[in-house]
4 protein chains.
Amino acid sequence: GVLAANGVGGVKNGLARTPQMGWDNWNAFGCDVSEELLISTANRMVDYGLRDAGYQYVVLDDCWSAGRSENGTLVANSTRFPNGMAHVADSIHNLGMKFGMYATAGSLTCGRYEGSLGYEEVDAQTFAGWGVDYLKYDNCYNEGQEGTPLITYNRYKRMSDALNATGRPILYSMCNWGTDYPWKWAQTVANSWRMSGDITDNFNRVDPRCPCSGDEGYDCALPGFHCSAMNILNKMAPYPDKGQPGAWNDLDMLEVGNGGMTDTEYVTHFTMWAAVKSAMIMGNDIRAMDAKTLSILANPAVLAISQDKTGSSAVRRWRYYLPNNDNSSNATAAQGSGTIAEIQMWSGSLEGGDAFVGLLNLGDEAIMINASLADIFVDAGGSHSEEAQSSWDVYDLWANRMPDSAANIIIEANSTSAANLTGVYWNNTEKSYADGVAEEAPVLLGKHVGTVEAGGSISSMVESHGVYAVRLRMRAGPSKRKRDEL
Amino acid sequence: GVLAANGVGGVKNGLARTPQMGWDNWNAFGCDVSEELLISTANRMVDYGLRDAGYQYVVLDDCWSAGRSENGTLVANSTRFPNGMAHVADSIHNLGMKFGMYATAGSLTCGRYEGSLGYEEVDAQTFAGWGVDYLKYDNCYNEGQEGTPLITYNRYKRMSDALNATGRPILYSMCNWGTDYPWKWAQTVANSWRMSGDITDNFNRVDPRCPCSGDEGYDCALPGFHCSAMNILNKMAPYPDKGQPGAWNDLDMLEVGNGGMTDTEYVTHFTMWAAVKSAMIMGNDIRAMDAKTLSILANPAVLAISQDKTGSSAVRRWRYYLPNNDNSSNATAAQGSGTIAEIQMWSGSLEGGDAFVGLLNLGDEAIMINASLADIFVDAGGSHSEEAQSSWDVYDLWANRMPDSAANIIIEANSTSAANLTGVYWNNTEKSYADGVAEEAPVLLGKHVGTVEAGGSISSMVESHGVYAVRLRMRAGPSKRKRDEL
Amino acid sequence: GVLAANGVGGVKNGLARTPQMGWDNWNAFGCDVSEELLISTANRMVDYGLRDAGYQYVVLDDCWSAGRSENGTLVANSTRFPNGMAHVADSIHNLGMKFGMYATAGSLTCGRYEGSLGYEEVDAQTFAGWGVDYLKYDNCYNEGQEGTPLITYNRYKRMSDALNATGRPILYSMCNWGTDYPWKWAQTVANSWRMSGDITDNFNRVDPRCPCSGDEGYDCALPGFHCSAMNILNKMAPYPDKGQPGAWNDLDMLEVGNGGMTDTEYVTHFTMWAAVKSAMIMGNDIRAMDAKTLSILANPAVLAISQDKTGSSAVRRWRYYLPNNDNSSNATAAQGSGTIAEIQMWSGSLEGGDAFVGLLNLGDEAIMINASLADIFVDAGGSHSEEAQSSWDVYDLWANRMPDSAANIIIEANSTSAANLTGVYWNNTEKSYADGVAEEAPVLLGKHVGTVEAGGSISSMVESHGVYAVRLRMRAGPSKRKRDEL
Amino acid sequence: GVLAANGVGGVKNGLARTPQMGWDNWNAFGCDVSEELLISTANRMVDYGLRDAGYQYVVLDDCWSAGRSENGTLVANSTRFPNGMAHVADSIHNLGMKFGMYATAGSLTCGRYEGSLGYEEVDAQTFAGWGVDYLKYDNCYNEGQEGTPLITYNRYKRMSDALNATGRPILYSMCNWGTDYPWKWAQTVANSWRMSGDITDNFNRVDPRCPCSGDEGYDCALPGFHCSAMNILNKMAPYPDKGQPGAWNDLDMLEVGNGGMTDTEYVTHFTMWAAVKSAMIMGNDIRAMDAKTLSILANPAVLAISQDKTGSSAVRRWRYYLPNNDNSSNATAAQGSGTIAEIQMWSGSLEGGDAFVGLLNLGDEAIMINASLADIFVDAGGSHSEEAQSSWDVYDLWANRMPDSAANIIIEANSTSAANLTGVYWNNTEKSYADGVAEEAPVLLGKHVGTVEAGGSISSMVESHGVYAVRLRMRAGPSKRKRDEL
C-alpha cells in the first residue's frame, strides 16, 4: 500500500507543503544571467502581483559561476554579479521573496562550470552563507554515477544531507530527469524531483531527442530534452501518487509566455501542471510579459487547485487516440515524428470533497468530450460510489479569467492596485488559497456554470489543444470516504 | 531445470506448506485499525466458520504504530490498542487463530510510521515478544535500496534472518511488489512474495497507475497500484512454477465482498487466486459480510484446489483477445485505458492425477468456450498424452455453492451450526482438505456434471466476467507421468 | 570488431574445440537416476554407434546427491549409486567415453539438493576425484546473485577457477539460462552457456512460462521454461557470432525421440541445433530408441555441419511471418498463445568455402521457399560477391538418411556391424568429421541433388514444420574472401 | 538543461576540437596488417590530397600484437612490423600525419591478442613511448565488467587516466559499442565513443545480429554487429546533443569505397556522418581507390559541415515510413528482416547562422521530399521564428563534386597538383575549413542553386537511397537567437 496523503513526509526541512511556486531564468534567458536580471524580475513579480499570487522563489539557474577559489569554494562571476550573491539574496529577501540557486551533482554543470560532485558540504555551506533558500540540483557530467536507484540516491543524498547540515531551510529541488526512478525514493531526500527530460516550448510535438513517449515511458533509458508539454504530462500519468506534501513531482519549468505555444496551449499546459501538483516555476521574461500571459499565471481558480491542502494529484482516467491526420504529402505513414493526438480525461480529489476534472483535446480539431461521474470517481467505486450517485455543481476554472484590459493596466502601471481585480485575482500573502477555499471564496472556486445530476456526465466541446477544466462540488454536502486511498 | 514440487523448499520455518489463509484489515479499513476491529473480526471468523474453513491468520496492517521508544523498540498506538499488542495476540490465540502484523523494509511504512530498515533484529524481537505469528513486510521509503536482485535480496534477507533468529515460527510475507524479481530468489528467504502492484477492487480496468499490462509485464519498472484483479492474474501467468510448498506467489489480498465487483467477478477472482496458489487473505469487512460473500469465501471445492497437496499452480494454456467493444463516442481508437478483454484457459495438476480447468471470459458478452484435452494436458504431451487419450469425470466447483438462505442463517445466528451445511462446507480444523480429497469427500470434489471422452473437449457458455471452473478426475484411474515436470 | 573464428579462445582447458556431443538423462528421466541407467545407456550408445558418431559424454543430471558429509563434501545417493560415483566414471571411461555431472551455482540445486554456491573449490575437487570430465552448472536458488553481468560472472567464474585448479580437464557447461547475457562474457570462463530457458518437447508452441518470444528476446528478464524448440532458435538469432572453438552457445538438450514432436519436427530441431553450433546433447531414452530417432541422431551429413572446423554458426538471413491460421472458433484474434508461424532462411560458412543453407517452414501448410545466392552470401557482399556470381553444387543433407530397416537391424542386434551402413553413417572415432570433409567423403557432404547457377536461387517445397537443408560447394573452386568477418 | 555547444568540454587533452579525421585499416583489411600497409597508405593519403583535406590520423587496428614480454609490456608482431612500432610512428610523423593504435578494455582483444584490462598504465606508457597519437580502445572479452554506467565508466576511465598520465596528447577513442550509455558520461573521459554495434558495408539492411532497430534503440542490450549505415544513423537520432568540441559521437568507421553500397548510398552515408559530427575515419583501401570514392571523401562542402566550428549535430526533424514493398513471393508479411524504408529530414545549426538540411530517401523509388522552414527551424520556434520568416540562399553540397576525370588524374599521377581542382577541393593544411567558411570560400559553401522565401519550403526529387544536402544562408544576414539551446 502507498499512502497518498497524510502524516509526515518529504525531507525534514518542513518546506513545500504545497508545490513550490516561483520563477527561474533558464527557459527565457539561458546563460544570460545577471544581478540586474534577477532583481528587476523580482521587482516586477511584486508589481504584477505574482509574488502575492504565491510565486515566492526567484531562482538563478546555471552560468553564474566563476569557478572555485583557492580554498575550494564556489565564486560568482563578478561581471554578472558585481555585488556578490549575498547582495542578490538580500535584495530579494527585502522584497519579501526567496532566493534560489543552481548546482550540479556532477563534475561540471550542464553549462560546464564547476560542478558540486565531491564538494557537497562546502558548496552547501557557501549557498547557506549567501542566504540561498532553494537549490536546483542538476545531473550533467555525473561521471557515470547512475544505473541503479541506489547509485543515484547516494549521489543526491549527499547534497540533501549537506543542505540539512547547514541549519538553513533550503528547498531541495532535484533535477535528475527521472534517472533511476526518483519517484521511488526521493520523497525522503528532496522536496521535488524532475521526472522527465527538459521541457521545450512546444505543446505536443514528437522529437527523437525526447524518446520514451510510448506506453512504457515510465522506464526510460534516455530522458533527453526538447520534450513537449504533453509528452511530459503523459510520462507523469503512471505516478500521480508519488507526490505528497513536502515532496513533489516536477514536470519542469513553465513555458507560459515564451512564444512557442498558442494561448490555448499555454492554458492547457498551466492547468495540467497545477492539476498534477507539479512544482510551479515560471519560465518567461516577466519584464516583457503580455496580458494573456499574466492572466494565465495569476489565475486564482487554477492556483487553488495547485495549492490545495490535500496535495492529491489528478489522475488520468482514460485516453483515446485520435485518428492520425498527418497532412504530409510525403508518405503514407508516420511514426517517431509528428504530434501526440489524443483526448484524455483527468480527475482528482480536492479538499473538502471537491473534485477537479480536466477534459483535454490534443487533436487538431475541436471535439465534444464526455466524462461520466462513474469514470471521474472510479477510485471511489465508479458507478456504485456515493460520489457518482450524487449531483454536483460545476465551476469553470477559466471562465473568470482576468480580462486583457485589466492585465494591461497592471502591466502598464506596474501595480495591481491600478486595476479592479475583484473576482479575478487572489492575494495569497493576505490569505492562503487553502483558507480561501475553506471560506468558499468564489474567485477560487471558479464560475458556476451548471450542475451534473447523479449518474450523469460532464460534456463540453473542447477546442483543439484546449482543456475544459472544472471544480466539482457536491450539492448535498461531502460524502465520507470509508477507506483512504493508499 | 526448475523442479516444480518436491523435497525441501521455502524458508526453514516449516510454515505455509499450502498457501496461507487469513484476513488482513487493509483493503476494507486502511488505517482505521484498533484492537476492537481485530478481535471482533476474529470472533466473527470463528462464528461464520471461516476459521474452520482454513483462514487462520488475523493480520493487522499499517498504522498501528506510535513510533519508537527511547530504547529503540516499536511502540503500539495506545489509543487504538489500549491493552497492548500482546493482549491482541493472546486474544486471537485463544480463539485458535494466529496473529499477523505489518512492517516495512524502509525508513517509513507506507503510512509514514517508523520503518524497520536498519532495525530488523530489534523489531523481529519485538514482534516475537508480542506473540506475532506472521509478518507482512512492505517496501515503501526503501531509501533507494533496489535496482538489482542482489540489493533487494539483501534488504529482505536481513528481516528473514532476524525472524528466524527469534526462534518463533513467524510466517514471512514479503510485500515488495515484484521489484527485482522476487520469484527468482525469494523461495529461500520468505514464505510468500507479492509479485505485482497493489490490487484495487476492480475486475479488469486498465489504469495508468498500474502499468506493465502488456505481454512483457514480467519486467516491470513501476509496480504501481490500482491494479485490477485480471491485470494481476495476467502478470502472474509467466511464473506459475515459482511457487512451491513453503514459498508462494502472492497476488495480493482478496477484494471479495468490498463492493467494487459483481458477484460473478468475485467468483472469478477468488477461483483464480486459489487455482494459482496465491496466498488467500480475505480483505473485506467480515462483520458486515453478506450471504454471497460468505458463500464465495467458504467454497470448499475451490479451497480444496488452493490447499491441494501438490502446491502446483494452474497455468494459462491460451488466451484470445476479444474484439474491442469500446462504447465511447469520443474517438475511434483506445489504448492505455479501457478494459482487458480476453478469453483464457487455465489448467493444472492436482493430487492423485486430478486436474483443474478454468475457462475465463473477460469480455462483455457471454461466450461459448471450448477447451480440448490436448490443450488442458499439453505439459503431459498434448494430444499424444495418456491424459488426452483418457476419459474424465467433470466436477463443477461452483454448482454446490452454499445457498444464500444457509449463508444468511449463519450470519444472523453467528454460528455455522444453525444451518444445514452438508455438501456445501468443509471443516478443515477437523480434517484437512488434503485428507478430504484423499477420501473423495464429494463436497471437495464439486458437483459431477458430466464426462469428457478421450480426445474430447470441455465446453461451456461462460457469462461475461465469469469462470467455468472444474475438477477433472480420470475415469480409468490415474496415469503415471513418466517425467516430472521440472 | 568481433572476430568470428581464429586464434585462442574459450577457457584454457583445451576442450570443446567443436561443440560437445553426448547424452544427459534429464529430458527423458528427470530425477529418476541410477548407476544402472547411466551404464546401460552408455553401453547402448556404444552398441548403436552413437559413441562413434561423436557422442562422447554421458552426463548425470540433478538428483544424484545425498547431501554433504560432515567434512563438507558432496555425497552420492547410495541407493541409486551403490558403488559410488568413481565406479560410474570408471565404467564409462572403460567404454571409451566421458562422464559428466551436475551441480548448481546456488544454495540448492533445482531439485533442491545441496548447491555448490560457496563450496566451489571443495566440490570441484570432489568431481575431479571421482573422475568427472564435464560439469553442467545450473542457476537455481542463486540467492539473488544476479542483475548485472558482473554479479553473475563472478559467481560462475568461481567454479571455472575451481575446476581449472583441479588440474583435470573438465568441460564446463554453464546453465544459467541466458541471465545477464553470458554470450557477452562467458567465452573466457566456460566451454558453453545456455542462452535461454529450458526446452520442452514441443516444436513451436507459445507458452507464457517462456516469454521473450518477440523481436527483443535478446533482453529477457525471465528465461522461463517450457520453451519450444523454435522459440529457442529465434532467441539465438541475434548472437550466432558469440560461439567459437572452445566456447559455444547451448540451445539446451535435444528432445529428439521423446515423443512430443513429429519426425519432421525432430529433423528440423536437430538440423538447426547442428547448424548454429549448439552443444549437441541427446535427451531421449537411448535404451528404448526407435529407428527414426537413431537415423536422426546419427546423420553424418548433419553432424559434419555441427563439427565443422570453422565453428561458424549459420545466421538467420530473413524471416517472413505467415498469416495467422488459428482454427479456434473461440475468438477472432490471438496473442501470447498459439504457435510461431514463419518461414526463415539460414546460411553460414563451412570449412573450405562450402556453405550451409536451411529453409525452414514453421507454418501449418507446405510452402515453396526460395533463397537467392545474394541473400545466402549477404555477408560476402550479396549480389556483388564472388560467391553470388559463382555456380554451386547442392548436396541434400537428409536425402541419404539411414533407412528404417538398417536402423532397426542395429537396434535389434545391438550392433552397427549387423547392418550395411555404407553411405549413411560415419565413424568419428576412426576419422574425424573434419578429416572426412577434407577428403570429400560423400556420406558427409550429403546427396548431390543439383546445381544453382551464378545469380540464381535455391528453391524447394518445404513441408509443414520441415527444413530443406543443404551444403553448397562452389563448382569453380573456393573463392578467397578478402576480409575476415570480425 | 544540457548545454549544446560552448565553454570547456571533453577530456583535458585539448584534442578533437572538431571531429577527428583519419583512416583505419579494419574495414578493408581486418587482421591483414603490416608496416607496409600503413606506410604505403599514409603516402597515398598525402599524394591524393586526403591528408590536406584533413585526414590526419593513420590508425592501426587489431592483430598487430605478439603478446607481452617478460616484463609485461606489449610487443609488436615482428614479422608484420619488422622495424618496430616506433619506426612506423616516425614514418607517419615524417609525412606530417599522426599515428593511431588499438587496444581493448578486456582480457583479450577482439582478435584474441593480449588485452589491456589490468595493464592500463603499462600499456599507455608503451603507446606513448612508441609515439602513438590516438588510441582506439575496444570492448571484447571484458570479463563481465559492464551492466551499469558506473562499472563501464570505471573500466574506461582507467585508460583515460593512464593516457593523460603519459604527458603525451593521445586522442582517446572509446569503442564500447554504446554499452551502458557512454553518451551520458564519456564526455569527461574520452574524445569520442562508439554509440552502436559495428558497421557493415550495407546501406539499410535489417540483420538479426544488429538488433535494437526499433523506436527504442537507445536502450540496447545487444549492440551486435553487421549494422547497416542507416541502422546506425537512426540509433544516433536520440542523442545529437551529446557531442561537443573535444568529445564526439562515433558512428563507426566509413565504408565508402568498400564495394557493398552504390555511389549514391556512399554519398548519403558520408554526408550524414559529417552532418551528425561523427568521427570521420576512412575504412577503404586507399591504395586501390577509384575516382568516385576519392570525390566523396574529399568533398570540401561536406567536410566543412563536419568540421564546422559550432560542433553542432544535425537533428532528425521528422521521419515517415514508406509502404513496405517487399517483392518476396514467399509470404505476406515481413519483420525482423528486409530493409529500413523511410524518408527523413535532418537539419542543424552551422557557424554564422547558416543551417544544414538533408532530405533522405531510404526507399526503393525516387520521391519528391518537401521540408518547410518551420520544420527546419523548429528549435528556434518553428513557423514563428525569425528564421522561418526569413528568406535563404540554398547551396547544394554535392553539385560541385570533383569530376571523375579530375579524380582519375590525381589517382594516376599520385598527386593533386596534376589536376585542376579549383572549386572542388580545399586544402585544410593551408587554411582550416572554419577560416574558409568565415571568408565565404565558395568551394566550402557549395553551389548556389536557388532561394527559399520566408515561410517557404525546400523541395527536391530525391533518388532512391539518396540525400539532397544543402547549406542555407540567410539572405538578410544572420538573426540573433535570444536563447541558447541547452
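Position numbers for residues count from 1 along each chain, tracking the sequence in the order it is written. As a convention, the first chain written is A and the first ligand written is 1, with the rest following in written order. Reporting of local features is limited, given that this is a predicted model, to residues whose pLDDT is at least 70; pairs of side-chain atoms are given and counted only at 80 or more, and all residues count toward the totals for whole chains, interfaces and linings. Working from all heavy atoms in the structure, the side-chain values ignore hydrogens and water.

Peer 1: Got a minute to help me understand the pairing of strand β7 (residues 171–174) of chain D in this structure?
Peer 2: Consecutive residues of a regular strand have side chains that alternate between opposite faces of the sheet. Residues and elements named next belong to chain D. Alternating residues of β7 divide into L171 and S173 and Y172 and M174, and every residue in both groups is buried. Pairing between strands is defined by DSSP: at least two bridges between the two strands are required. Going along the chain from the N terminus, every DSSP run of H or I of four or more residues is numbered as a helix, and every run of E of two or more is numbered as a strand. One ladder, built from two bridges, connects β7 with strand β8 (residues 192–194); its direction is parallel. Across the sheet, residue M174 finds its bridge partner in β8, namely W193. Each residue gets one of three labels from its accessible area relative to the maximum for its type: buried under 20%, exposed over 50%, partly exposed in between, using a 1.4 Å probe on protein chains only.

Peer 1: What is the right way to read the environment of W23(B) from this model?
Peer 2: All names here are of chain B. Summarising the element assignment, W23 is placed in strand β1 (residues 21–24). W23 sits in the buried class, given a relative accessible area of 0%. Put simply, W23 and F99 are 76 residues apart on the chain and 9.9 Å apart in space, counted from C-alpha to C-alpha.

Peer 1: What's the story with the packing of aromatic side chains in this structure? I'm lost.
Peer 2: The relative placement of two aromatic rings is captured by the distance of their centres and the angle of their planes. Stacked, edge-to-face and tilted labels apply to pairs of Phe, Tyr and Trp rings (six-membered ring for Trp) whose centres lie within 6.5 Å, assigned for plane angles under 30 degrees, over 60, and everything in between, in that order. On inspection of all chains with the given rule, the structure shows 52 aromatic pairs over all chains. Their ring planes at 20 degrees and their centres at 4.7 Å tell us that F377(A) and W392(A) sit as a pair that is stacked. Taken together, the residues span a long stretch of sequence, with F377(A) in the loop between α11 (373–376) and β16 (392–396) and W392(A) in strand β16 at a distance of 15 residues. Taken together through their ring pairs, the aromatic side chains of W64(A), F127(A) and W130(A) make up a single cluster. One residue, R68(C), lies across the ring of Y119(C), its end atom 3.5 Å from the ring centre. Whether a charge lies above a ring is judged from NZ of Lys or CZ of Arg, which has to be within 6 Å of the ring centre and within 35 degrees of the ring normal.

Peer 1: Teacher, can you tell me more about the sheet that holds strand β9 (residues 248–250) of chain C here?
Peer 2: Residue and element names in this part refer to chain C. Strands sit in the order β9-β8-β7-β6-β5-β2-β1-β10 across an open sheet of eight strands; the sheet is parallel. Here the strands that pair on one side only, and so sit at the sheet edges, are β9 and β10 (280–282). Between one strand and the next, the sheet's axes are offset by a mean angle of 25 degrees, whatever the strand orientation. As paired elements, strand β8 (residues 192–194) and β9 share three bridges and run parallel to each other. If you follow R194 over to β9, its bridge partner there is D250. Contacts: residue pairs with any heavy atoms within 4.5 Å of one another. Helix axes use the C-alpha atoms of the stretch in contact, all axes being lines fitted to C-alpha atoms, and the angles between their N-to-C directions lie in the range 0 to 180 degrees. The strands that helix α5 (residues 120–130) touches are β5 (98–104) and β6 (134–138); relative to β5, the one it contacts most, it runs at about 160 degrees.

Peer 1: Help me understand the sheet that holds β8(D) in this model?
Peer 2: Strand pairing within a sheet occurs via backbone hydrogen bonds; the two strands may be parallel or antiparallel. Residues and elements named next belong to chain D. The eight strands lie next to each other as β9-β8-β7-β6-β5-β2-β1-β10, forming an open sheet whose pairing is parallel. Each edge of the sheet is formed by a strand with only one pairing partner; in this case those strands are β9 (248–250) and β10 (280–282). Strand-to-strand, the axes of this sheet are offset by a mean angle of 25 degrees, without reference to chain direction. Each of β2 (57–59) and β5 (98–104) is contacted by helix α4 (residues 84–94), which is oriented at about 145 degrees to β5, the strand it contacts most.

Peer 1: For this particular structure, what's the right way to read the domain arrangement of chain A?
Peer 2: Interface size is commonly expressed as the accessible area that is lost once the parts come together. Residue and element names in this part refer to chain A. Domains are outlined according to an automatic or database domain assignment. One can read the domain layout of chain A as domain 1 (21–306) and domain 2 (315–400 + 446–474). The C-alpha-based centres of domain 1 and domain 2 are spaced at 29 Å. Of the residues lining the interface, 30 residues belong to domain 1; the matching set on domain 2 comes to 26 residues. What counts as buried area is the accessible surface, traced by a 1.4 Å probe, that two parts surrender upon association, with contributions from both included. Together, the buried faces of domain 1 and domain 2 total about 2200 Å²; carbon and sulfur atoms form 66% of this surface. The term polar contact refers here to a pair of N or O atoms within 3.5 Å; inside protein, the definition further demands a hydrogen-donor-capable atom paired with an acceptor-capable atom, and it admits residues adjacent in sequence only when both atoms are side-chain atoms. The tally of links between domain 1 and domain 2 comes to eleven residue pairs in polar contact (both at pLDDT 80 or more). Looking at the side of domain 1 that touches domain 2, the elements with two or more residues in it are α7 (229–236), α8 (263–275), α9 (291–297) and α10 (300–306). Throughout this entry, Asp, Glu, Lys and Arg are counted as charged residues, while Ala, Val, Leu, Ile, Met, Phe, Trp, Tyr, Cys and Pro are counted as nonpolar. The remaining residues, Gly among them, count as polar. Partitioning the side of domain 1 that touches domain 2 into residue classes produces 17 nonpolar, nine polar and four charged.

Peer 1: For this particular structure, what's the right way to read the arrangement of the chains?
Peer 2: A gap remains between chain A and chain C, which never touch, and the nearest two C-alpha atoms on either side lie 10 Å apart. At their nearest point, the C-alpha atoms of chain B and chain D are still 10 Å apart, with no contact between the two.

Peer 1: What is the right way to read the state of the cysteines from this model?
Peer 2: Put plainly, two cysteines are in a disulfide when a covalent bond ties their sulfur atoms together. Two cysteine sulfurs form a disulfide in these notes if their separation is within 2.5 Å. One pass over the structure, following the stated rule, counts 16 disulfides over all chains. Residue C31(B) pairs covalently with C63(B) via a disulfide, S to S 1.9 Å. Highlighted residues: C31(B) in the loop between α1 (26–29) and α2 (35–47) and C63(B) in the loop between β2 (57–59) and β3 (65–68), separated in sequence by 32 residues. A relative accessible area of 1% means that C63(B) is categorised as buried. Across the disulfide, C110(B) is cross-linked to C140(B) (sulfur-sulfur distance 2.0 Å). An S-S torsion of about 95 degrees defines the bridge between C110(B) and C140(B) as right-handed. You can see C110(B) sitting in the loop between β5 (98–104) and α4 (120–130) and its partner C140(B) sitting in the loop between β6 (134–138) and α5 (149–165), a full 30 residues away along the chain. Its relative accessible area of 4% is what places C140(B) among the buried residues. The disulfide pattern of chain A is 1-2, 3-4, 5-8, 6-7 when the bonded cysteines are numbered in sequence order. Considering cysteine sulfurs only, C110(D) is the nearest to C175(D), which forms no disulfide, with 6.9 Å between them.

Peer 1: Would you mind showing me how to read the packing of helix α8 (residues 229–236) of chain D against helix α9 (residues 263–275) of chain D here?
Peer 2: A pair of packed helices is captured by two measures, namely the crossing angle of their axes and the spacing between those axes. Residue and element names in this part refer to chain D. Between α8 and α9, whose axes approach to 10 Å, the crossing angle comes to 25 degrees. One way to sum up the angle between α8 and α9 is to call them roughly parallel. Here α8 and α9 pass one another in a crossing that is left-handed. Seen from α8, the contacting residues are A229, M230, I232 and L233; seen from α9, they are T268, H269, M272 and W273. The labels follow the angle: roughly parallel below 35 degrees, roughly antiparallel above 145, roughly perpendicular from 65 to 115, and oblique for the rest. Crossings are classed by handedness, with left-handed meaning an anticlockwise turn of the near helix from the far one by less than a right angle and right-handed meaning a clockwise turn.

Peer 1: I keep staring at a negative patch on the surface and nothing clicks. Help me out?
Peer 2: Excluding any residue in a salt bridge, patches collect residues exceeding 30% relative accessible area, merging like charges within 9 Å and nonpolar Val, Leu, Ile, Met, Phe, Trp and Tyr side chains within 5 Å. For every accessible area listed, the method is Shrake-Rupley and the probe measures 1.4 Å; residues are considered covered only by the protein chains on display. Put simply, a salt bridge is a Lys or Arg side-chain nitrogen that is within 4 Å of an Asp or Glu carboxyl oxygen. Two residue types count as positive, namely Lys and Arg, and two as negative, namely Asp and Glu; His and chain ends fall outside the count. To locate a charge, take NZ of a lysine, CZ of an arginine, CG of an aspartate or CD of a glutamate. Where like charges cluster on the molecular surface, the negative patch consists of E216(A), D219(A), E216(B), D219(B), E216(C), D219(C), E216(D) and D219(D). Relative to the helices and strands, D219(B) resides in the loop between β8 (192–194) and α7 (229–236).

Peer 1: Looking at this model, I keep getting lost on the packing of α2(B) against helix α3 (residues 85–94) of chain B. Mind explaining?
Peer 2: Residues and elements named next belong to chain B. Packing of α2 against α3 leaves a shortest axis separation of 10 Å and a crossing angle of 5 degrees. Between α2 and α3, the interaxial angle falls into the category roughly parallel. When α2 is examined against α3, the residues E35, L38, I39 and A42 are found in contact with a partner set consisting of H87, V88, S91 and I92. By residue class, the composition of the contact of α2 with α3 is five nonpolar, two polar and one charged.

Peer 1: Help me understand the confidence of the model for chain A in this model?
Peer 2: In low-pLDDT regions, the fine details of the predicted coordinates are not to be read closely. Residues and elements named next belong to chain A. Mean pLDDT over chain A works out to 93, with 93% of the residues at or above the 70 mark. Below pLDDT 50 for its whole length, residues 1–9 participates in 37 contacts with residues either more than four positions away or in separate chains. In this model residues 327–334 is a low-confidence stretch, pLDDT under 50, and it forms 20 contacts with partners more than four residues away in sequence or in other chains. Confidence of the predictor in every single residue is expressed as pLDDT, which spans 0 to 100.

Peer 1: Would you mind going over the side chain of K235(A) with me for this structure?
Peer 2: Residue and element names in this part refer to chain A. In this fold, K235 is placed in helix α7. Overall, K235 belongs to the buried group, its relative accessible area being 6%. Setting aside residues no more than four positions away along its own chain, K235 makes contact with M195, S196, C210, P211, C212, P223 and C227.

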